[in-house]
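Read off the chains here:
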Amino acid sequence: NVYAEKNITAVKNITANGGIYADGNIVAGGGLSAEGGGIYSDDDIYSEEDIYAEGTIATSTWSSDSDRNMKQNIEDVEREEALRILESVNLRKYQFIANPDVQRMGFIAQEIQQMLSDNNLDASLFVQHVTNPRTKEEHLGLNYLDMFSVLWKGWQIHNEEIKKLKDEIKTLKGTL
């Protein structure tokens, strides 16, 4: 185990055969790796490389970079494109092989990859290649946070349609 009453900071990787625990921040210029234990911090955890977990990642808040100053080629998503994506995605029930006692709901990465391809969209929009740093096993993962933005657009589209229908109903009631 690695334990600090304040911060743990490394220019490169932080690796422990047990857990990594800090009452302050954990900052790694490379990756974080804890075999046989967790990574716990009372403050921030920062890594310049990926953080891979086979267990649970729990946090009171989650933030993704979204600052306009970090982006380029910003354009609106067309309603038809958003609706095609939403109509093409199948919600599935499943259990993970490693945890067959727990029922889950979500999506299948290969199906999302195929749907994006069928709609002439880059699969990397939502599908990511994930490598377990310990076993080097590769599999596909989904960026659910980015997928949420399409759902938001769908809600806006449907809300707009509901408003139009309500206005039509008002007009029709007025003509009776």
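This text goes with the structure placed above it.
Numbering of residues begins from 1 in every chain and follows the order in which that chain's sequence is written. Owing to the predicted nature of the model, reporting of local features is limited to residues with pLDDT of at least 70; listing and counting of side-chain atom pairs is limited to 80 or more, with chain, interface and lining totals taken over all residues. Working from all heavy atoms in the structure, the side-chain values ignore hydrogens and water.

**Q** Looking at this model, I keep getting lost on the side chain of Asn143. Mind explaining?
**A** Residue position: Asn143 is located in the loop between strand S12 (138-142) and helix H3 (144-175). Each polar contact in these results corresponds to two N or O atoms within 3.5 Å; when the atoms are within protein, one needs to be able to donate a hydrogen and the other to accept it, and residues that are neighboring in sequence are counted only if both atoms are side-chain atoms. Looking at Asn143, its side chain comes within polar contact range of the main-chain nitrogen of Leu145, at 3.2 Å. Any pair of residues with heavy atoms lying within 4.5 Å of one another is described as a contacting pair. Ignoring any residue separated from it by four or fewer positions in sequence, one finds Asn143 in contact with Phe126 and Gln128. What counts as a helix is a DSSP run of H or I of at least four residues, what counts as a strand is a run of E of at least two, and both are numbered from the N terminus.

**Q** In this structure, what is going on with helix H2 (residues 109-118)? I would like to understand it.
**A** Categorising residues by exposure relies on relative accessible area from a 1.4 Å probe, with only protein chains included: less than 20% of the type maximum marks a residue as buried, more than 50% marks it as exposed, and the intermediate range marks it as partly exposed. If you check which residues of H2 are buried, you get Ala109, Ile112, Met115 and Leu116. In a view along the axis of H2, the buried residues occupy a sector of 125 degrees, so they form one face of it. Where the residues of H2 are buried, they touch helix H1 (79-88), strand S11 (127-131), S12 and H3. Asn120 occupies a position one or two residues after H2 and carries a positive phi of about 55 degrees. Note: the arc covers the axis-to-C-beta directions of the helix.

**Q** What am I meant to see in the pairing of S12 here?
**A** A regular strand places its side chains on the two faces of the sheet in alternate fashion. With 5 bridges connecting them, S11 and S12 associate as antiparallel partners. Each residue of the ladder has a partner; that of His129, found in S12, is Leu140. Following DSSP output, two strands are said to pair if at least two bridges run between them.

**Q** Help me out: how do you make sense of the sheet that holds strand S1 (residues 2-4) in this one?
**A** Two pairing modes exist for strands in a sheet, parallel and antiparallel, and in both the strands are linked by backbone hydrogen bonds. The 3 strands are arranged S1-S4-S7 in an open sheet whose pairing can be described as parallel. On the outer flanks of this sheet lie S1 and strand S7 (39-41), each paired with one strand and no other. Put simply, the sheet's adjacent strands are angled 5 degrees from each other on average, direction ignored. Across 3 bridges, S1 lies against strand S4 (residues 20-22) in parallel orientation. Looking across to S4, one finds that Tyr3 is bridged to Tyr21. Axis definition: a line fitted to C-alpha atoms, limited for helices to the stretch in contact. Angles are taken between N-to-C directions and run from 0 to 180 degrees.

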